[in-house]
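Given next are the chains, with one letter for each unit.
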Amino acid sequence: MPPEPRAHNLALMAAAMLFAGGCTLMPKPEPDAPPAIPIARPDPSLAIVAEHLQTMAALNQGTPVQQAEIAKTVRDEAQLQPTTSHLLRYALVLATPDHGASDPVAARERLSALLASPEKLLPAERSLAAVFLDHVNKRLVLQAENQKLQADGARSERERGAATNRRLQAEIEENARLRKALKEAQDKLDEIARIERQIIDRKPTNGTR
């Protein structure tokens, strides 16, 4: 028996509502998300480099006694546990100026040895070692130039002193020669005066032959 018109209409309406509802329930396509920004992860070697820099700052700011204690502690660490980090820290202590344990020549040797095997150093450590090796090289060049200037100055001073001594000796000799010539001239004048007096004494007086 065919369905009644009313029931048929209700079925059509229900199907339309279900279709419409299904369309609203379907997930809408999301717009393209922006590309994810990569998060920069901190270099783990920066913490080690920060410790090295703190040690150097303590050297610069400490008293002579504190500087000696810091240098001894770092040296002992490098000798007892010669890790790359300890060796680099000791090299940086030697490269730091104005304290009793400062030794730019030894610092240059140790930094050069460390940079000869760069794969053993962390990235920040390599950069720090390279910077201080360049600093130490420039410092040694300035020291060599300063020593040369001091040596040249000392040599010039010696030469000026020798020239002054030669002039003084020449003046002394000239004065002695002049005194001798003056004495000889005076002796001659005295001899002439003596002869004149003898002549006068021998000359007969008036009326006496």
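Up top you'll find the structure we're talking about.
Quick caveat: nothing in here was measured; it's all calculated off a predicted structure.

About the criteria used
- Residues numbered from 1 in each chain as written.
- Predicted model: local features only at pLDDT ≥ 70, side-chain atom pairs only at ≥ 80, totals over all residues.
- Heavy atoms only, no water.
- Helix = DSSP H or I, 4+ residues; strand = E, 2+ residues; numbered from the N terminus.
- Buried < 20%, exposed > 50% of the residue type's maximum accessible area, 1.4 Å probe, protein only.
- Contact = heavy atoms within 4.5 Å.
- Areas by Shrake-Rupley, 256 points an atom, 1.4 Å probe, with all protein chains shown as cover.
- Salt bridge = Lys/Arg side-chain N within 4 Å of Asp/Glu carboxyl O.
- Expected span 1.5 Å × (residues − 1).
- Polar contact = N/O pair within 3.5 Å; in protein donor to acceptor, adjacent residues only side chain to side chain.

A. Just the overall build of the protein, in detail. Each helix and strand in the protein was counted, giving 6 helices and 0 strands. In the protein, the succession of helices and strands from N to C terminus is α-α-α-α-α-α. Here the protein holds 209 residues, and 19% of them are scored as buried. Pairs at least 24 residues apart make up 57% of the contacts formed inside the protein by residues separated by at least 6 positions. Summing over all exposed atoms, the protein offers an accessible surface of approximately 16500 Å²; the carbon and sulfur share of this is 61%.

B. Highlighting the side chain of His52. You can see His52 is positioned in helix α2 (residues 45-61). Note on His52: relative accessible area 1%, which makes it buried. Sequence-distant contacts of His52, that is, excluding residues within four places in its chain, are made with Ser85, Leu88, Arg89, Leu92, Glu125 and Leu128.

C. Layout of the pattern of salt bridges. In total, this model carries 7 salt bridges according to the counting rule given. The residue Arg89 makes a salt bridge to Glu51 at a minimum N-O spacing of 3.0 Å. Here the residue Arg89 occupies a position in helix α4 (residues 84-95), and Glu51 occupies one in helix α2, the gap between them amounting to 38 residues. Judged by its relative accessible area of 13%, Arg89 falls in the buried class. Here Arg177 and Glu174 are joined by a salt bridge, their closest N and O atoms 2.4 Å apart. Here Arg177 and its partner Glu174 are both found in helix α6 (residues 123-202), 3 residues apart, which amounts to about one turn of the helix. Among the ionic contacts, a cluster of salt bridges with common partners joins Lys72, Arg75 and Asp76.

D. Structural context of α4. Counted at 1.5 Å a residue, the expected span for α4 with its 12 residues is 16 Å, and the 16 Å between its end C-alpha atoms agrees. Counting buried positions over the 12 residues of α4 gives 10, a clear majority of the element. Turning to α4, its buried residues number three or more, namely Ser85, His86, Leu88, Arg89, Tyr90, Ala91, Leu92, Val93, Leu94 and Ala95.

E. Here's a closer look at the environment of Glu77. Considering the arrangement of structural elements, one finds Glu77 in helix α3 (residues 64-80). Residue classification places Glu77 among the partly exposed positions, given a relative accessible area of 28%. Sequence separation of Glu77 and Tyr90 is 13 residues, and the distance between their C-alpha atoms is 8.4 Å. Not counting the four nearest positions on each side in its chain, Glu77 is found in contact with Pro82, His86 and Arg89.

F. Seen up close, the side chain of Thr96. By secondary structure assignment, the location of Thr96 is in the loop between α4 and α5 (104-115). Using a relative accessible area of 2% as the deciding quantity, one classes Thr96 as buried. Of the polar contacts made by the side chain of Thr96, one reaches the backbone oxygen of Leu92; its length is 2.7 Å.

Keep in mind these numbers describe shape, not what the thing actually does.
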